[in-house]
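The primary structure of each chain is shown beneath.
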Amino acid sequence: MSLLSRTAAAALITMIGAAPIQAESLGVRIGYLQWVPDQGPVLSNVIPEPEDAGLRGAELAITDNSTTGKFLGQTYSLESNVADSEEDAVAAFETMRQNGTELFVVNAPAQTLQTMMGKAGDNTLIFNAGAKDDALRTRQCHPNLLHTMPSYSMLTDALGQWLNQRRWNEVFLITGPTEADKGWADAFRRSAKRFGLKIVEDKPWTFDADLRRTASKELPLFTQASDYDAVVVADVRGDFGEYVPFNTWLPRPVVGTQGMSPVTWHRVVESWGAAQLQNRFRELAGRDMNSEDYAAWAAIRSIGTAVTALSNANPGEIRNVLFSDKFQLAAFKGRKLTYRDWNGQLRQPIPLVHPRGLVARAPFEGFLHPNTQMDTLGFDEPESECRIND
């Protein structure tokens, strides 16, 4: 054996002797389920929503978990199903459970989530990465349902704080016809009371004209009022809201679901290492990361963080870790994120953005809370009927 060979062999023996004994391999199976109802055609289709929103965020999180897990003997696998109907989504959920999966990320309407929770076992842990309904956080809570998607009230409280801070206290509210529009608008009305805003006009959108041709005539008349500081639009699917800016009776900013918007995530968020996350996502998906992608990513990264602490994948033990004082999710939002122990909502800052820039990030200084400023966004514990850890 040559001197080089003897040296290499000795080095290899030394490395083997110094290396820790590898723990038994741990496989972590996660199910991703998506069903987004067809919302029909909209007038503005300049920026179409990607059909894989949410799924690609889940895939990126599996890659991130696996990068850490390979050093600990942990492997992560994702079984995904993008369903064409609620029935198919629920059937896929039951099939995955029968095959042994008990950790799920779901991007689906609130009613679908409730149906799945009714069929889940006591050891099934589900993360809501799609439904924003406040009822899921205030009345219709379940001990094993956590939320990485912010609620409507978290989003509108972020907007309410910003309007209050700017002293734009009188607003004109326009609400679209869908249930999502009404849910968003109801949340904003609550936020307006909470942060001292006055809704000087509160009008439903009832027009069915083609605004691509008539916006400059219809909208100035529709937004007539003696005075207001801003126009707030509740048009979740984008049916008319894109035509409101620059067509209002008074020259005022437009905020809400269009104009400047409170969102979970956006491509313009780049601070605290977020640019690195954005780049990795673009490399994976060939597009920008959106709110559904981020919520799914945060859910699976929460699981990965808990599994690393536990060295096992028991859903009940993962849940306990997520609600413990030791858990913090590093999630590129400038703060370590935690879960509210009364309703399972992930606390998180809310960016306020326009299509090409970040305006601000809520919560803002001056809005105080006895425990954490993060709980100035959304329903606080005394305002919720939920007590999922009692």
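Cut-off values and rules
Residues numbered from 1 in each chain as written. Predicted model: local features only at pLDDT ≥ 70, side-chain atom pairs only at ≥ 80, totals over all residues. Heavy atoms only, no water. Buried < 20%, exposed > 50% of the residue type's maximum accessible area, 1.4 Å probe, protein only. Helix = DSSP H or I, 4+ residues; strand = E, 2+ residues; numbered from the N terminus. Arc of directions from axis to C-beta. Contact = heavy atoms within 4.5 Å. Axes fitted to C-alpha atoms, helices over the stretch in contact; angles between N-to-C directions. Parallel < 35°, antiparallel > 145°, perpendicular 65-115°, else oblique. Left-handed = near helix turned anticlockwise from the far one by under 90°. Nonpolar A, V, L, I, M, F, W, Y, C, P; charged D, E, K, R; others polar. Pairing = 2+ DSSP bridges. Expected span 1.5 Å × (residues − 1). Disulfide = S-S within 2.5 Å. pLDDT = per-residue confidence, 0-100. Phe/Tyr/Trp six-rings, centres within 6.5 Å; stacked < 30°, edge-to-face > 60°. Lys NZ or Arg CZ within 6 Å of the ring centre and 35° of its normal.

## Some details on helix α4 (residues 110-119)
- All of the buried residues along α4 are Ala110, Thr112, Leu113, Met116 and Met117. Burial along α4 is one-sided: seen end-on, the buried residues are contained in an arc of 160°. Exposed and oriented more than 90 degrees from the buried face of α4 are Gln111 and Gly118.
- Its buried side turned inward, α4 meets β1 (26-34), α3 (86-98), β3 (103-107), β4 (125-128), α5 (135-138) and β5 (145-147).

## A look at the packing of helix α2 (residues 55-69) against helix α9 (residues 274-285)
- Contact geometry for α2 and α9: axes closest at 10 Å, N-to-C directions at 110°. Classified by the interaxial angle, the pair formed by α2 and α9 is roughly perpendicular. Crossing angle aside, the handedness with which α2 passes α9 is right-handed. In contact with Arg56, Gly57, Glu59, Leu60 and Asp64 of α2, α9 contributes Leu277, Arg280, Phe281, Leu284 and Ala285.
- Of the residues assigned to the contact of α2 with α9, the class counts are five nonpolar, one polar and four charged.

## Some remarks on the sheet that holds strand β7 (residues 198-204)
- What the four strands build is an open sheet, ordered β7-β6-β8-β9; its pairing is parallel. Of all the strands in the sheet, just β7 and β9 (254-256) have a single pairing partner and so form its edges. Direction aside, the axes of adjacent strands within the sheet are offset by 25° on average.
- Strands in contact with helix α7 (residues 179-194) are β6 (170-175), β7, β8 (230-234) and β9; relative to β6, the strand with the most contacts, it is inclined by about 165°.

## Some remarks on unusual backbone geometry
- The linkage connecting Ala362 with the following residue, Pro363, adopts the cis geometry, with an omega of 5°.
- Structurally, Pro363 is set in the segment after β14 (357-362).
- A positive phi angle is found at Arg167, which is not glycine, with a value near 65°.
- Turning to its location among the elements, Arg167 is positioned in the loop between α6 (152-166) and β6.

## Thoughts on α3
- Here α3 is 13 residues long and its end C-alpha atoms lie 18 Å apart, about the 18 Å a rise of 1.5 Å per residue gives.
- Here α3 has its buried residues at Ala89, Val90, Ala92, Phe93 and Met96. Buried residues of α3 fall within an arc of 160° about the axis and therefore sit on the same side. When the buried face of α3 is taken as reference, the exposed residues oriented beyond 90 degrees from it are Glu87 and Gln98.
- Summarising the contacts, the buried residues of α3 are in contact with β1, β2 (74-82), β3, α4 and β4.
- Just past α3, the residue Gly100 takes up positive phi, approximately 105°.

## Digging into the state of the cysteines
- Applying the stated rule across the entire model yields one disulfide.
- Covalent S-S linkage joins Cys141 and Cys386, the inter-sulfur distance amounting to 1.7 Å. Taking the sign of the S-S torsion, 75° for the link of Cys141 and Cys386, the bridge is right-handed. Taken together, the residues span a long stretch of sequence, with Cys141 in the loop between α5 and β5 and Cys386 in the segment after β14 at a distance of 245 residues.
- On the accessibility criterion, Cys386 (4% relative accessible area) is buried.

## Some details on the sheet that holds β1
- Ordered in space as β2-β1-β3-β4-β5, the five strands form an open sheet in which the pairing is parallel. Looking along the sheet, the strands with just one partner apiece sit at the ends: β2 and β5. Shown here is a sheet whose adjacent strand axes are inclined to one another by a mean of 25°, direction ignored.
- Against the sheet, α2 engages β1 and β2, with an angle of about 170° to β2.
- Relative to β1, α3 is tilted by about 170°, and along the sheet it contacts β1, β2, β3 and β4.

## Observations concerning the confidence of the model for the protein
- Residues with a pLDDT of 70 or more make up 92% of the protein, whose mean pLDDT is 91.
- Every residue in residues 1-22 is under pLDDT 50, and counting partners more than four places away or in other chains gives five contacts.

## Concerning the packing of aromatic side chains
- Taken as a whole, this structure holds 15 aromatic pairs when the rule is applied.
- For the pair Phe207 and Phe222, a centre-to-centre distance of 5.5 Å together with 75° between the ring planes defines the contact as edge-to-face. Of the two residues, Phe207 is situated in the loop between β7 and α8 (211-222) and Phe222 in helix α8; the sequence distance between them amounts to 15 residues.
- A residue is classified by how much of its surface remains accessible, and Phe207, at 32% relative accessible area, is partly exposed.
- Take Phe222: its relative accessible area is 7%, and that puts it in the buried class.
- Plain terms: the ring middles of Trp265 and Tyr294 are 4.5 Å apart, the flat faces sit at 10° to each other, and that makes the pair stacked. Of this pair, Trp265 sits in the loop between β10 (261-262) and α9 while Tyr294 sits in helix α10 (residues 291-310); the two residues are 29 residues apart in sequence, bridging distant segments of the chain.
- For Trp265, a relative accessible area of 2% corresponds to the buried category.
- The structure contains a cluster of three or more aromatic residues connected by ring pairs, namely Phe127, Phe323, Phe327 and Tyr339.
- Lying over the aromatic face of Phe379, Arg190 brings its terminal NZ or CZ to 4.0 Å of the ring centre.
- Sitting above the plane of the Phe222 ring, Lys203 keeps its charged end 4.3 Å from the centroid.

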